[in-house]
Every structure is written in C-alpha cells, then in structure tokens.
Amino acid sequence: ILDVLYIDYDETLMAPSGADAELSRITTMEKHPNGYVAVVEGGIPLADEGVHCMVGGRAFKDVVREVCDGALATIAVGSCAFDGGLPAAAGGPTGAVGVSGVVPGGQLVSLPGCPLNVENLTATIVHYLTFNQWPATDGRGRPLFAYGGLVHNQCERRPHFEFGEFAAAWGDEGSQKGWCLYKMGCKGPETAANCPTTRYSDGTSWSVKAGHGCVGCTTPRFWDAMRSEERRVGEE
Ligand code: SF4
C-alpha cells in the first residue's frame, strides 16, 4: 500500500539531468518493482522505430514499455498519452499512439484533456492513497468523477442555451453578455469532462468562462473528430 507519495523521476522537477536522470529512473524501478506508479505524458511515436521522440538516447516507446511493464499502475495524462493526441491527427508523420497502444493490459487510468487538468491527476492519486484502489472508470479508462458528465450539463452558460440566447460572432453583444457559445462551435454538448466545476489554475477559470467554446479535448481523436470550430454558425 502506498501511504506516502514520492516523486522520484520527473524531467521538469528533478535535480539530476542527462545520464543521472536516467539513473534515477532505473534506480527507482529496481527499488520498487511493481510498487511504483508511472505517469506518462505525451504521444508515443511508433513510426521509423520511434525516432521522433528519444529519451536518453532510446526511443520513447521502449522506455514507456520498460517502465509501465513493471509499474503498479500507469496514469496516461493529457490527450496525447490518451490516444496519440495532436501527433496522431490526420497527416501526422510520427505514427503516434497513446499508452494503451504500447502497453496493452495492466492497470491504466486515462486522464485526457489538452491540457490535462492537474486537479484530476491529484485526485486520482489521492484516491488510491486513501482507498487503496483506483477510481471507477468508464470503458476508456477515464475516471467517472471527472469524465462522468457532459460539460454542457455543468456549464454556467446553460441557462442562456435554454433561453435561446447565443453569441453569433466573436465580440458581438451576446458574446459580451456571456451568452451560450453553441453557435460558435462549442462542443460542450458532446464532451464529457468536469471543466465547468473544477476549472483550471486553482479553480480560476476554464475555456467557456474565458469566452471561448469547449473544443472537446477529452474526446477520443478530438483533433479530427471535433474540428471545424465554428461549424454551427449558419447551420440553421
Ligand atoms: Fe453548452 Fe457550450 Fe453553451 Fe455552455 S457554452 S451551455 S457548454 S453549448
């Protein structure tokens, strides 16, 4: 049982760099076989032997396999680690996939979003530390506490949707009054996420509160599936 959280390897937080950083990773794995949690960020290129992302002189795909195979669990953070994200969008040359495309099987929790909401990562880890089990997830491995409801159903602009009050152009009267952004292409009605209630930056704001519609970034293959940002304008 994990009862204290140690962060032994993180490229942006750790003191070691270069070969020492890799040594920290290897030492951690050896000290805690099947007793550490791997948090993976970023798409994992498979094309051209994985040369599009190298870590310590090795293909990222090989490092991910090595680390996740020996992990108690893996948490895929962000849309790229979820299903390849932007590098996997149409036309991308890297052949990127998410963690499940490299490490099938095993305990995997996915936290898509672009960017990831760090509150959801913290909550997932604290859930495990508290209950010694991972939170309940949907069929894609997304925790229900964060991805169990539609953005649209939690949005503070929802009353304007119900009253037929919509922004129809960026900066117009409706936009300035905080009306619904559905006609500006907001993907909240099709997107499962807790952005309206959890928000970003210590609960400060989220995309719709800031005046831009939801882009559906927690949805599988959202770069292709949710494109055409303003597609609803002029549909009627
Ligand atoms: Fe729904 Fe988007 Fe309108 Fe909010 S702004 S009510 S999420 S369509």
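Provided above is the structure to which this section pertains.
Residues numbered from 1 in each chain as written. Predicted model: local features only at pLDDT ≥ 70, side-chain atom pairs only at ≥ 80, totals over all residues. Heavy atoms only, no water.

Draft legend 1. Geometry of the overall build of the protein chain. Per the secondary structure count, the protein chain includes 9 helices and 7 strands. Based on the C-alpha atoms only, the size of the protein chain along its principal axes is roughly 60 × 40 × 35 Å. Surface accessibility of the protein chain: about 12300 Å² in total, with carbon and sulfur atoms responsible for 55%. One finds the centroid of the 18 positive side-chain charges in the protein chain at a distance of 6 Å from the centroid of its 28 negative side-chain charges. (Helix = DSSP H or I, 4+ residues; strand = E, 2+ residues; numbered from the N terminus. Areas by Shrake-Rupley, 256 points an atom, 1.4 Å probe, with all protein chains shown as cover. Lys, Arg positive; Asp, Glu negative; His and termini not counted. Charge placed at Lys NZ, Arg CZ, Asp CG, Glu CD.)

Draft legend 2. Just the site of the ligand, in detail. Around the ligand lies a shell formed by H152, C155, R157, R158, C180, L181, Y182, C186, G188, P189 and V208. One can see that the ligand is located within the largest cavity. Per-class residue counts for the shell around the ligand are 7 nonpolar, 2 polar and 2 charged. (Near = heavy atom within 4 Å. 1 Å grid on protein atoms, 1.4 Å probe; cavity = no way out; pocket = protein on both sides within 12 Å on 5 of 7 lines; lining within 4 Å. Sits in = over half its atoms within 2 Å of the grid points. Nonpolar A, V, L, I, M, F, W, Y, C, P; charged D, E, K, R; others polar.)

Draft legend 3. Representation of empty space enclosed by the protein within the structure. One pass over the structure, following the stated rule, counts 2 cavities of 30 Å³ or more. Of the pockets and cavities examined, the largest cavity occupies roughly 90 Å³. Forming the boundary of the largest cavity are 13 residues, of which H152, C155, C180, L181 and C186 lie nearest the centre. Its residues assigned to classes, the lining of the largest cavity shows 9 nonpolar, 2 polar and 2 charged. Of the voids in this model, the second largest cavity is the one considered here, and its volume is about 40 Å³. (Points joined across faces, edges and corners; volume = space filled by probe spheres on them.)

Draft legend 4. Broad picture of the nonpolar core. The biggest cluster of nonpolar side chains holds 17 residues, and the ones touching the most others in it are V64 and V99. Looking at this core, the elements with two or more residues in it are β1 (37-41) and α2 (60-69). With 5 residues, the top contributor of residues to this core is α2. Leave out the neighbours within four places in its chain, and V99 touches V40, I44, T74, A76, A81, F82 and L108. (Core = buried A, V, L, I, M, F, W, Y, C linked by side-chain atoms within 4.5 Å. Buried < 20%, exposed > 50% of the residue type's maximum accessible area, 1.4 Å probe, protein only. Contact = heavy atoms within 4.5 Å.)

Draft legend 5. Main features of the sheet that holds strand β7 (residues 108-111). Taken together, the 3 strands give an open sheet; going across it, the order is β1-β5-β7, and neighbouring strands pair in parallel fashion. The open sheet has two edge strands, β1 and β7, and neither has a second partner. Across the sheet, the mean angle separating the axes of adjacent strands is 20° when strand polarity is ignored. By the bridge criterion, 5 bridges tie β1 to strand β5 (residues 73-77) in an arrangement that is parallel. Paired with V39 across the bridge in β5 is I75. Each of β1 and β5 touches α2; the most contacted strand, β1, lies at about 155° to it. (Pairing = 2+ DSSP bridges. Axes fitted to C-alpha atoms, helices over the stretch in contact; angles between N-to-C directions.)

Draft legend 6. Molecular detail of the pairing of β5. The element β5 is largely enclosed, with a buried count of 5 among its 5 residues. Here β5 shows a buried face lined by A73, I75 and V77 and a second buried face lined by T74 and A76. When β5 meets β7, the two strands line up parallel, connected through 4 bridges. Across the sheet, residue T74 finds its bridge partner in β7, namely L108.

Draft legend 7. Spatial organisation of a nonpolar patch on the surface. Taken together, the side chains of L5, I7 and L13 define a hydrophobic patch exposed on the protein surface, amounting to about 340 Å² of accessible area. Residue position: I7 is located in the segment before α1 (19-31). By relative accessible area, which is 57% here, I7 ends up exposed. (Patch = residues over 30% accessible without salt bridge, like charges linked within 9 Å, V, L, I, M, F, W, Y side chains within 5 Å. Salt bridge = Lys/Arg side-chain N within 4 Å of Asp/Glu carboxyl O.)

Draft legend 8. Layout of the layout of surface pockets. Estimated volume of the largest pocket: approximately 1200 Å³. Along the wall of the largest pocket there are 38 residues; nearest its centre are I7, Y9, V37, A38 and V39. Those elements that place two or more of their residues in the lining of the largest pocket are α1, β1, α2 and α4 (118-131). Considering every element that reaches the lining of the largest pocket, the biggest residue donor is α4, with 6 residues. Split by residue class, the lining of the largest pocket holds 27 nonpolar, 5 polar and 6 charged.

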